[in-house]
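Okay, here's what each chain looks like letter by letter:
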Amino acid sequence: MIIIGFGGSSVIKGEDGKYHMFASRWSKDVGFGNWVTNSEVVRAVADTPVGPYEFQEVVLPVRGPEFFDGMCTHNPRIVKYKDKYLLYHFGTTYDFDQPTKDNPKPDGYDWNKAWLNKRVGLAISDSIFGPWERVDKPVIEPRPGHWDATITSNPSPAVDPKTGKILLMYKSSVTPKPPLLLGVAMADSPKGEYKRLSEEPVFRFETPGNSHVDVEDPYIWWAGDRYEGVMKDRSGEICGEEGGGIHIWSKDGVKWNLFENVKAYSRDVLWDDGSTSHQNHFERPFVLVEDGNLRIYLPQLEMDLKLGSLKTLGIW
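What counts, and where the lines are drawn
- Residues numbered from 1 in each chain as written.
- Predicted model: local features only at pLDDT ≥ 70, side-chain atom pairs only at ≥ 80, totals over all residues.
- Heavy atoms only, no water.
- Helix = DSSP H or I, 4+ residues; strand = E, 2+ residues; numbered from the N terminus.
- Buried < 20%, exposed > 50% of the residue type's maximum accessible area, 1.4 Å probe, protein only.
- Areas by Shrake-Rupley, 256 points an atom, 1.4 Å probe, with all protein chains shown as cover.
- Polar contact = N/O pair within 3.5 Å; in protein donor to acceptor, adjacent residues only side chain to side chain.
- Contact = heavy atoms within 4.5 Å.
- Salt bridge = Lys/Arg side-chain N within 4 Å of Asp/Glu carboxyl O.
- Phe/Tyr/Trp six-rings, centres within 6.5 Å; stacked < 30°, edge-to-face > 60°.
- Pairing = 2+ DSSP bridges.
- Axes fitted to C-alpha atoms, helices over the stretch in contact; angles between N-to-C directions.
- pLDDT = per-residue confidence, 0-100.

K.L.:
Please explain the overall build of the protein as it appears in this structure.
P.N.:
Along its length, the protein carries two helices and 21 strands. Relative to its 316 residues, the protein shows a buried fraction of 55%. Of the roughly 14,100 Å² of accessible surface on the protein, a fraction of 51% belongs to carbon and sulfur atoms.

K.L.:
For this particular structure, what's the right way to read the side chain of aspartate 69?
P.N.:
With respect to the element layout, aspartate 69 can be found in the loop between strand E4 (54-60) and strand E5 (72-81). Here arginine 63 takes part through its side chain, which lies 2.6 Å from a polar atom of the side chain of aspartate 69. One polar contact links aspartate 69 to histidine 89, side chain to side chain, over a distance of 3.1 Å. When residues no more than four places from it in sequence are discounted, the contact partners of aspartate 69 are Arg63, His89, Gly91, Thr92 and Arg134.

K.L.:
Quick question: what am I supposed to make of the pattern of salt bridges here?
P.N.:
Under the counting rule described, the total for this entry stands at 23 salt bridges. Notably, a salt bridge pairs glutamate 199 with arginine 143, separated by 3.0 Å at the nearest N-O pair. One end of the pair, glutamate 199, is in the loop between strand E12 (195-196) and strand E13 (215-222); the other, arginine 143, is in the loop between strand E8 (133-134) and strand E9 (153-159), and 56 residues separate them in sequence. Its salt-bridge partner being arginine 234, residue aspartate 214 comes within 2.8 Å of it at the nearest N-O pair.

K.L.:
Could you clarify how one ought to interpret the packing of aromatic side chains in this entry?
P.N.:
Where two aromatic rings form a pair, the distance of their centres and the angle of their planes describe that pair. Counted under the stated rule, the structure contains 15 aromatic pairs. Seen in terms of ring centroids, phenylalanine 96 and tyrosine 109 are 5.5 Å apart; in terms of plane orientation they differ by 55 degrees. Their pairing is tilted. Residue phenylalanine 96 is located in the loop between strand E6 (84-92) and helix H2 (111-116), and its partner tyrosine 109 is located in the loop between E6 and H2; the two are separated by 13 residues in the primary sequence. Residue phenylalanine 96 is classed as buried on the basis of its relative accessible area, which comes to 5%. By relative accessible area, which is 22% here, tyrosine 109 ends up partly exposed. Judged by centre distance (4.8 Å) and plane angle (70 degrees), the ring pair of tryptophan 222 and tyrosine 227 falls under edge-to-face. Feature note: the residues Phe203, Phe205, Trp222, Tyr227 and Trp256 constitute an aromatic cluster, connected by ring pairs.

K.L.:
Would you mind showing me how to read the sheet that holds strand E14 (residues 227-233) here?
P.N.:
Either a parallel or an antiparallel arrangement is found when strands of a sheet pair, and the pairing is made through backbone hydrogen bonds. Reading across the sheet, the four strands line up as E13-E14-E15-E16 and stay open at both edges, with antiparallel pairing between neighbours. This sheet does not close on itself; its edge strands, each paired only once, are E13 and strand E16 (257-265). Sheet twist, expressed as the average angle between the axes of neighbouring strands with direction ignored, equals 25 degrees. Pairing geometry for E14 and strand E15 (residues 245-250), over six bridges, is antiparallel. Counterpart to glutamate 228 in the pairing with E15 is tryptophan 249.

K.L.:
I keep staring at the pairing of E15 and nothing clicks. Help me out?
P.N.:
Each regular strand carries side chains that alternate between the two faces of the sheet. Within E15, five of the six residues are buried, leaving the element largely enclosed by the surrounding structure. In the sheet, E15 pairs with E16 via four bridges, with the strands oriented antiparallel. Within E16, the position partnered with isoleucine 248 by the bridge is leucine 258. The hairpin formed by E15 and E16 contains six residues between the paired strands, and glycine 253 there has a positive phi angle of roughly 85 degrees.

K.L.:
So what exactly am I meant to see when it comes to the environment of arginine 204 here?
P.N.:
With respect to the element layout, arginine 204 can be found in the loop between E12 and E13. For the pair arginine 204 and aspartate 214, spaced 10 residues apart in the sequence, the C-alpha separation amounts to 7.1 Å. When near neighbours in sequence (up to four residues on either side) are disregarded, arginine 204 contacts Pro179 and Leu181. Polar side-chain contacts of arginine 204 include one of 2.6 Å to the side chain of glutamate 206.

K.L.:
What should I look at first to understand unusual backbone geometry in this one?
P.N.:
A negative phi holds for most residues other than glycine; trans holds for most peptide bonds. Cis geometry marks the peptide bond from glycine 51 to proline 52, where omega comes out at 10 degrees. On the secondary structure map, proline 52 appears in the loop between strand E3 (40-46) and E4. Positive phi, close to 50 degrees, is recorded for arginine 284, a residue that is not glycine.

K.L.:
What's the story with the confidence of the model for the protein in this structure? I'm lost.
P.N.:
Interpretation of this model should avoid reading the predicted coordinates in detail wherever pLDDT is low. When pLDDT is averaged across the protein, the result is 90; 90% of the residues are at 70 or more. Confidence drops under pLDDT 50 across residues 1-6; counting only partners more than four residues distant or on other chains, this segment forms 24 contacts. Across residues 300-316, where pLDDT falls below 50, the model places 45 contacts with residues more than four positions away in sequence or in other chains.

K.L.:
Sorry, what's going on with the sheet that holds E8 here?
P.N.:
If you trace the four strands from one edge of the open sheet to the other, you get E5-E6-E7-E8, paired in antiparallel fashion. Where the open sheet ends on each side, the last strands, each with one partner, are E5 and E8. Bridge count for E6 against strand E7 (residues 119-125) is seven bridges, and the pairing is antiparallel. Residue pairing in the sheet places leucine 86 in a bridge with isoleucine 124 of E7.

Pasting the structure below:
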């Protein structure tokens, strides 16, 4: 039995005019925590952005422990670059058997080792249907002794259609403990080189007495004259709600600002029938921009908005 996990979803309109969602899944039988060992990126398709989506195929399967993303792929982000589809993700590898229903903790099992091997990867295709060329080296590596010493993870690319440059935001940390930190790199073409634009993380919210004020799960896009983004406020001390979303913008991709109305979304959801429910988690938001409209994807929620009406709707 397969579940769609909190690996996020990423949707794009394909050359067939349909909407293709790339998402992460792993077997319910091995437990939720084994996303770090068992996740795989899959594709589903729908006639409209809100679905329903029908499973099509596994796009980035296991390909062997000798590859940096050979045992697990997760957190896909799909973008169009000229005539190519770029599928960013993170992957990991490890030196023990992949967990199974009958053996969820094989000999040598080490969750931390698998987590620390997370690296941002890239697959490229001329068609939404593949085949996908998986780049054999990480897009960007950790740097021992720096703020991004542990991992590279949670990629969020934004393509400037005027320059063709790709801005890539990614997550890392000094140690496996909080705070989680975000950096940016830029490339002139999909295979890079992805050059860091700053030696320091682009966000720092922690204080000397509280290292848990941080953010993760960014999604950024080019908004015509600047970059914008949404991301998760883990502690709630930025937007006022734990696990809520914050809205950000930047002219150069390095200096980021909080919007005055900083809260992008809430875990309290008002449904069509007038009822309200409080969601346990929102993870890795995704924004589909199409014909002047934005659609915000969260694991339990989709919202339709029009550019220029975000504040009046009271959501941003």
